[in-house]
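# Overview (structure and organization)
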Amino acid sequence: MNIAYYTMPHLALASRVKSHGQNASEGISNSLKRFLSSKPQLAPLKPLRQWLENIEIKDPKLAKLLCQLIPSQCPFERKIQFRGRVLVHIPPLCKLNPVYEEVVGLRFRALCYLADECGEDITPYCTN
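Here's a quick rundown of the structure. Here the structure is a predicted model, which means the values were calculated and not measured. The residue numbers shown here count from 1 along each chain, following its written sequence. Reporting in this predicted model follows two pLDDT cut-offs: at least 70 for local features of residues, and 80 or more for side-chain atom pairs to be given and counted; totals over whole chains, interfaces and linings ignore these cut-offs and use all residues. Heavy atoms from the whole structure form the basis of all side-chain values; hydrogens and water molecules are not counted.

### Notes on the overall build of the protein chain
For clarity, the cut-off: Counting from the N terminus, the helices are DSSP H or I runs at least four residues long and the strands are E runs at least two residues long. Each residue's exposure class comes from its accessible area (1.4 Å probe, protein chains only) as a fraction of the maximum for that residue type: buried when under 20%, exposed when over 50%, partly exposed otherwise. The accessible surface values rely on the Shrake-Rupley method and a 1.4 Å probe; as for residues, cover is taken only from the protein chains in view.
On a plain count of helices and strands, the protein chain comes out with six helices and two strands. When its helices and strands are written in sequence order, the protein chain yields α-α-α-α-β-β-α-α. For the protein chain, buried positions account for 17% of its 128 residues. Of the accessible surface of the protein chain, which amounts to about 10,300 Å², a share of 58% is contributed by carbon and sulfur atoms.

### A short note on helix 5 (residues 100-117)
The criterion, for reference: Every helix has an expected span of 1.5 Å times one less than the residues it contains. Contacts were defined at the residue level, with two residues in contact if any of their heavy atoms lie within 4.5 Å.
In this model helix 5 runs 25 Å from its N-terminal to its C-terminal C-alpha over 18 residues, within 8% of the 26 Å that 1.5 Å per residue would give. Buried residues along helix 5 sit against helix 3 (46-54), helix 4 (60-69) and helix 6 (123-126).

### Some details on the side chain of arginine 49
Rule in force here: In protein, a polar contact requires one atom able to donate a hydrogen and another able to accept it; more generally it is a pair of N or O atoms within 3.5 Å, and residues adjacent in sequence count only if both atoms are side-chain atoms.
Mapped onto the elements of the fold, arginine 49 is located in helix 3. There is a polar contact of 3.5 Å between the side chain of arginine 49 and the side chain of glutamate 102.

### A short note on the state of the cysteines
Worth spelling out the cut-off: The disulfide criterion is simple: two cysteine sulfur atoms within 2.5 Å.
Under the defined criterion, the tally for this structure stands at one disulfide. With a sulfur-sulfur separation of 2.4 Å, cysteine 74 is cross-linked through a disulfide to cysteine 94. Disulfide cysteine 74 to cysteine 94: torsion about the S-S bond roughly 85 degrees, handedness right-handed. Taken together, the residues cysteine 74 in the loop between helix 4 and strand 1 (78-82) and cysteine 94 in the loop between strand 2 (85-90) and helix 5 connect sequence positions 20 residues apart. Left unpaired, cysteine 112 is separated from the closest cysteine sulfur, that of cysteine 67, by 9.3 Å. The partly exposed category is assigned to cysteine 112, whose relative accessible area is 28%.

Structure (structure tokens):
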């Protein structure tokens, strides 16, 4: 979750002063757009990201394999309980993966291929 995405729009607009002929809300919205559009990405992983984004799904067997291998939900989230009380909650760690968005996008493209091109029922792949 991008914390800035949720907190920046709720900042008090009255605290900004008009400058350079713009009113305060226009200045904030422009700076917010620039801030949200600039995603920090690790440069060493850029070739891997591009490769994952450029994979074209043209084979139903490959699409089914990808849908089976890539989980629909993060499998690492856990609640450790003792006698009915939650001792430790481990949050979903998948979003710490630097190529998480690309892998999820690949799974989505595989699901879309199976549904649109092959006409298959994709409900078995939507639940884990």
